[in-house]
Amino acid sequence: MSYTTLITGGVGSGKTRHALTLAAPASRKVYIATAPTSLDAEMDRKIRTHQGERDASYTTIEEQLQLAEAYQRALDLACDTILIDCLTLWASNLVFTETVEDEPLGQFLALLATSTRRTIIVTNEVSLGVIPADPMTRRYCALLARINRRVAALADEVVLMVSGIAVPIKGHR
């Protein structure tokens, strides 16, 4: 059954843990990882931690830029649930590679809108604080806000994670 959940919140708020909990009942899952394979030692540890949280029922697709292609590959697999973690790093990858953002976003949204699979998407809320001081960070925040708004509009359910607590924002099963 097609049902899309967007999980948003701050860093360390429990977004991925909640996403894994939502996906747990499915027997065949695809995890789309958007993190670059290595940024620094701290990020490498975080990636290893997330990898360790997934069991053998997951097939992992690593893709930093072509989210629509990765999502299509996931749709082509015999899976029940697709978990995308996360839009935050995908947006960062687009900004740092100077990729034109509208085309990959449009391609992904078109697939998401017609998907017949349960999809769980993780993202961050990065614009709840001060206005960033530099142009690149402002561009990144604006892009992620645009991505989040467009995905939230398509999602059946939006959840805000606050200190490990899931707060329903839109829809609720």
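Just so we're clear, the structure is a prediction, and the values are computed from it rather than from any experiment.

J.: Looking at this structure, how should I read helix 4 (residues 87-96)?
T.: Residues separated by three or four positions in an α-helix point in the same direction, a consequence of the helix having 3.6 residues per turn. Here helix 4 lies mainly inside the structure; 8 of its 10 residues are buried. Those residues of helix 4 that sit buried are Leu87, Thr88, Trp90, Ala91, Ser92, Asn93, Leu94 and Val95. At its buried positions, helix 4 is contacted by strand 1 (3-9), helix 3 (67-76), helix 5 (102-114), strand 5 (118-122) and helix 6 (135-154). Residue Glu98 follows helix 4 closely and has a positive phi angle near 55 degrees.

J.: Looking at this structure, I do not really get the pattern of salt bridges. What am I missing?
T.: Between side chains of opposite charge, a pair can form as their charged atoms come close. Applying the stated criterion to the full structure yields 2 salt bridges. Here Arg28 ties to Asp80 by a salt bridge, and the two come within 2.9 Å at their closest N and O atoms. Here the residue Arg28 occupies a position in the loop between helix 1 (15-23) and strand 2 (29-33), and Asp80 occupies one in the loop between helix 3 and strand 4 (81-85), the gap between them amounting to 52 residues. Residue Arg28 is classed as partly exposed on the basis of its relative accessible area of 42%. The exposure class of Asp80 is partly exposed, given its relative accessible area of 26%.

J.: Explain the packing of helix 5 against helix 6 to me, please; I cannot follow it from the model alone.
T.: Between two packed helices, what matters for the description is the angle formed by their axes and the separation of those axes. Contact pair helix 5 / helix 6: the axes reach a minimum separation of 11 Å and the direction vectors enclose 15 degrees. Relative to helix 6, the element helix 5 lies roughly parallel. You can see that helix 5 and helix 6 cross each other, and the crossing is right-handed. For the pair helix 5 and helix 6, contact is made by Asp102, Leu105, Phe108, Leu109, Leu112 and Ala113 and by Arg146, Ile147, Arg150, Val151 and Leu154, respectively. The residue inventory of the contact of helix 5 with helix 6, partitioned by class, reads 8 nonpolar, no polar and 3 charged.

J.: Just checking my understanding: could you explain the environment of Gln64 for this structure?
T.: Here Gln64 lies in the loop between strand 3 (58-62) and helix 3. Relative accessible area serves as the criterion here: at 24%, Gln64 is assigned to the partly exposed category. For the pair Gln64 and Ile32, spaced 32 residues apart in sequence, the C-alpha to C-alpha distance is 9.4 Å. Ignoring sequence-local partners within four residues, the contact set of Gln64 consists of Thr34, Ala35, Pro36, Trp90 and Asn93. Separated by 3.1 Å, the side chain of Gln64 and the backbone oxygen of Ala35 make a polar contact.

Conventions adopted
Residues numbered from 1 in each chain as written. Predicted model: local features only at pLDDT ≥ 70, side-chain atom pairs only at ≥ 80, totals over all residues. Heavy atoms only, no water. Buried < 20%, exposed > 50% of the residue type's maximum accessible area, 1.4 Å probe, protein only. Helix = DSSP H or I, 4+ residues; strand = E, 2+ residues; numbered from the N terminus. Contact = heavy atoms within 4.5 Å. Salt bridge = Lys/Arg side-chain N within 4 Å of Asp/Glu carboxyl O. Axes fitted to C-alpha atoms, helices over the stretch in contact; angles between N-to-C directions. Parallel < 35°, antiparallel > 145°, perpendicular 65-115°, else oblique. Left-handed = near helix turned anticlockwise from the far one by under 90°. Nonpolar A, V, L, I, M, F, W, Y, C, P; charged D, E, K, R; others polar. Polar contact = N/O pair within 3.5 Å; in protein donor to acceptor, adjacent residues only side chain to side chain.

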